[in-house]
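Geometric and topological summary
Listed below, chain by chain, are the residues.
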Amino acid sequence: DIAVRKVVVDFPMVFYSRLEQTSKPVVMWLKGLGIDDSQVADMITKFPQLIGCRLEENLKPTVRWLKEVGLDDSQVEKMITKFPKLLSCSLEEVLKPKVQWFKELGMDDSQV
């Protein structure tokens, strides 16, 4: 399968991540957000490193922050399914400063 080859080639460390401790919990959490199997598969194909991300340290805080910024569940789902790499961005070094910069440019909360 082409998608499987892409994941393995792009992220060979997939073989080092523990299935039960890392990969499966990430997939189950994504499904819990309302993301279906085919969307999860697409997300992993786009960004294989996703299944190696730490749930408590990266994924959950990022989604929680996106909601705090004012996005609803469907907007968060749409964002992360289109751009799953967003979930690996540092909140403190990338996401928060970017939103602050947008506000400094004169955008209000509804525009950010």
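My aim in this report is to walk through the structure given alongside it, one point at a time. (Residues numbered from 1 in each chain as written. Predicted model: local features only at pLDDT ≥ 70, side-chain atom pairs only at ≥ 80, totals over all residues. Heavy atoms only, no water.)

**Re the nonpolar core**
Threshold: Think of a nonpolar core as a cluster: buried Ala, Val, Leu, Ile, Met, Phe, Trp, Tyr and Cys residues, connected wherever their side-chain atoms sit within 4.5 Å. Whether a residue is buried, partly exposed or exposed follows from its accessible area with a 1.4 Å probe, protein chains only, as a fraction of its type maximum: under 20%, in between, or over 50%, in that order. Only DSSP runs of H or I with at least four residues qualify as helices, and only runs of E with at least two residues qualify as strands; both kinds are numbered from the N terminus onward. Contacts between residues were defined by any pair of non-hydrogen atoms, one from each residue, lying within 4.5 Å.
By size, the foremost hydrophobic cluster in this structure holds 24 residues, and its most contacted members are Leu30, Met43, Leu50, Leu59, Ile80 and Leu87. Elements supplying a minimum of two residues to this core: helix H2 (19–32), helix H3 (37–46), helix H4 (55–68), helix H5 (73–82) and helix H6 (91–104). The element best represented in this core is H4, accounting for 5 residues. In this structure, Met43 is in contact with Leu30, Ile35, Leu50, Ile80, Thr81, Pro84 and Leu87, ignoring residues within four places of it in sequence.

**Here's the deal with the packing of aromatic side chains**
Each pair of aromatic rings is reported with the distance of its centres and the angle of its planes. For the record, the criterion: For Phe, Tyr and Trp, rings pair up if their centres lie within 6.5 Å, where Trp contributes its six-membered ring, and each pair is then called stacked (planes under 30 degrees apart), edge-to-face (over 60) or tilted (otherwise).
Following the criterion strictly, the structure yields 1 aromatic pair and no others. Arranged with centres 5.6 Å apart and planes meeting at 45 degrees, the rings of Trp101 and Phe102 form a pair that is tilted.

**Details of H3**
Counted only if it meets this: As used here, the arc is the angular range of directions from the helix axis to the C-beta atoms.
Burial in H3 covers these residues: Val40, Met43 and Ile44. Down the axis of H3, the buried side of the element spans an arc of 95 degrees, and every buried residue falls inside it.

**Considering the packing of H4 against H5**
Convention followed: Fitting a line to C-alpha atoms yields each axis, with helices limited to the stretch in contact; the angle taken between N-to-C directions then spans 0 to 180 degrees. To sort the angles, those under 35 degrees are grouped as roughly parallel, those over 145 as roughly antiparallel, those from 65 to 115 as roughly perpendicular, and the leftovers as oblique. A clockwise turn of the near helix away from the far one marks a right-handed crossing, whereas an anticlockwise turn of less than a right angle marks a left-handed crossing. Here the nonpolar group is Ala, Val, Leu, Ile, Met, Phe, Trp, Tyr, Cys and Pro; Asp, Glu, Lys and Arg are the charged ones; every other residue, Gly included, is treated as polar.
Between H4 and H5, the shortest axis-to-axis distance is 10 Å and the interhelical angle comes to 130 degrees. Accordingly, the angle class assigned to the pair H4 and H5 is oblique. Helix-helix and strand crossings are classified by hand; for H4 and H5 the assignment is right-handed. Residue-level inspection shows Val63, Leu66 and Lys67 of H4 in contact with H5, the latter providing Asp73, Val76, Met79 and Ile80. Here the contact of H4 with H5 is built from residues that sort into 5 nonpolar, no polar and 2 charged.

**Notes on the pattern of salt bridges**
This is how the line gets drawn: The rule for a salt bridge is simple: a side-chain nitrogen of Lys or Arg has to be within 4 Å of a carboxyl oxygen of Asp or Glu.
A complete count under the given rule lists 4 salt bridges for this structure. One salt bridge in this structure joins Glu56 and Lys60, with 2.8 Å as the shortest N-O distance. Pair noted here: Glu56 and Lys60 are both in helix H4, with a separation of 4 residues, about one helical turn.

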